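Coordinates in review
The lines below spell out each chain.
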Amino acid sequence: MVYGPYGIEEGDMGSIFGISWSMYNGYFPHRDFVYIKPAFSPFFHSLPLYLTEDYAYLINRYLYFAQVFAYSYWASVIAFKFLKLPKKYIYFIAIIGAIISIHNYPPMPWNTVDGLFFSILGLFFVTKNLKDWKWIVIGTFFLFLGALCKQSFYFFPPLVGLFLIYRKETKAFLILTVSGLLFTSLYILFFWSQDALQPFIDQMFSFTSGSSLIKTGVKSYYLAVKFHILYIAVALIAFWFAKKYTSKHITFLFTNVLIVLVLVWLYYKYQSIYKPVKYGIIHLLWILGILFSLMKSLQDKKYTILILLFSLSWCASISNGYNTPIDFSTPSILVVALICLGETFSIRKWTALLITSLYIGTFYYGYQFPYRERPRFELIYPLGDVFPRLKTIKTNKKTFDKYIALKALSNKYDNYTILPSMTLGHYITNTVNPIGVDWVFNHHLADDLEKYKQMLRDKNLTIFIDNFENHQDNYEESSLLTVYVVNHWKLVEKQEHFRVYQQP
């Protein structure tokens, strides 16, 4: 968590919270602005704003770490309960799973993390006492909230239902089903009353399609095997020798050392795990885990809990962006322990201490290269000196100068918005975004490009354009609203970091 203050970028790290700020200021999702996912995540992250506007973003940023460690712990409690494993090892598995899950991911509000958090919390309550209806209803409510964070989590409540049916918990299944339908009906009724139901339906599937499901939920796992078949063979042979000629504790240590070495190599080679992990070790660990769980479930149905947890990890990996199961790595680490140690599941203190130290060291190394930022040693410029709402956050010199430029422009002009994706811009300048949405990629506008062109004209806005032509995301193609302003509006001011446009 000590690496929470380091690094910032203008897109992802404010995309959810920028929407939270708009909702806090009275905008209703889908009706007043386009949002291509269910909107519970930005609502959830708007809650700290009601406590403190000035520190809400910082609270949410550190909340990321708390969420990952919390759901890793709850998942471990659930698995240990069903598998009847020694409870004294719950914290060890949870900590390792959490450290891998946070890897070098940017600390920020994010719907995948929220979906995992509420889904696992829901499963925790549902399985707390399958004979007590109130716990099942409470659990169903949180499963429902998890599904409202991202479309891919729609799959999880039905999978929980199948899990209950398989275990012949008919009463629990009926309570889950009835309460789930009740919560869904209330949600639909509320959105209908706000004239937001049809826009919600239209926007949900404007970008997420069946092809995305196949590509990220199936093909990416196949490619993980295809691209690494030789490494898989070598690793399996090495594991077999370790298993045959050393103790189970040495085998467990060796396996975790192998995982650590791969992660460190990825950090060293790419400086971020963002790209290679898509077809890398986390997919392979997931495949290993689900195969183990399926085979063991044929012998003992208690192992179906692992299948359910791996299915949630799979739900998290279905994404047009960060399509990897790494955000929920606890099931994979638990299966590695079961394969190496067996059902007796005894871990020596020195082994646990050494493995934990290795993963903490890996975490330390990974966070030397924050997401879309300069290396850690260059992040020495405190953004709180420019915008008080970014207290404790440090960045590089170029980004620091850019925020200084934004502050000057925000003091000079009013009634403005920032294109294409400076997603924290209105929050840190304490203004309300006139168009309600800070991220104006084509797909995030859900084919409503003409509507937003008209909105810019009707509200007579001044537009700050981030100098985007050479940006890594190629905004010239992916933000046609920005291109429209550049090509048709009057350039009134040009600076190093921004250009200012007004209607001709």
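Presented here is an overview of the structure given in this document. A quick note: this is a predicted structure, and the numbers were derived from the prediction, not measured. (Residues numbered from 1 in each chain as written. Predicted model: local features only at pLDDT ≥ 70, side-chain atom pairs only at ≥ 80, totals over all residues. Heavy atoms only, no water.)

Reading across the sheet, the four strands line up as 3-4-6-5 and stay open at both edges, with mixed pairing between neighbours. In the strand order of this sheet, the two ends are held by strand 3 (416-419) and strand 5 (490-494), each with one partner. Taking the axes of each pair of neighbouring strands and ignoring which way they run, one obtains an average angle of 30° across the sheet. Contacting strand 3, strand 4 (462-466), strand 5 and strand 6 (498-502), helix 17 (residues 397-412) runs over the sheet at an angle of about 25° to strand 6. (Pairing = 2+ DSSP bridges. Helix = DSSP H or I, 4+ residues; strand = E, 2+ residues; numbered from the N terminus. Axes fitted to C-alpha atoms, helices over the stretch in contact; angles between N-to-C directions. Contact = heavy atoms within 4.5 Å.)

A separate point is the pairing of strand 6. Burial of strand 6 is extensive: four of the five residues sit out of reach of the surface. Bridge analysis of strand 4 against strand 6 gives four bridges, and the strand direction is antiparallel. Of the residues in strand 6, the one forming a bridge with Asp466 is Phe498. When strand 5 meets strand 6, the two strands line up antiparallel, connected through four bridges. For Glu493, the partnering residue across the bridge sits in strand 6 and is Val500. Here strand 5 folds back onto strand 6, and the loop between the two strands holds three residues. (Buried < 20%, exposed > 50% of the residue type's maximum accessible area, 1.4 Å probe, protein only.)

Bringing the packing of aromatic side chains into the picture now. For the structure on display, the rule yields 53 aromatic pairs. Seen in terms of ring centroids, Phe124 and Phe125 are 5.6 Å apart; in terms of plane orientation they differ by 75°. Their pairing is edge-to-face. Centre to centre, the rings of Tyr267 and Tyr365 are 6.2 Å apart; their planes meet at 70°, and the pair counts as edge-to-face. Residue Tyr267 is located in helix 12 (residues 248-270), and its partner Tyr365 is located in helix 16 (residues 349-366); the two are separated by 98 residues in the primary sequence. A relative accessible area of 25% means that Tyr365 is categorised as partly exposed. Here the basic side chain of Lys244 rests over the ring of Tyr245, its NZ or CZ set 5.7 Å away from the ring centre. The lysine or arginine in question, Arg376, covers the ring of Tyr6, its NZ or CZ lying 3.5 Å from the ring centre. (Phe/Tyr/Trp six-rings, centres within 6.5 Å; stacked < 30°, edge-to-face > 60°. Lys NZ or Arg CZ within 6 Å of the ring centre and 35° of its normal.)

Such coordinate-based values are descriptive only and should not be taken to indicate function.
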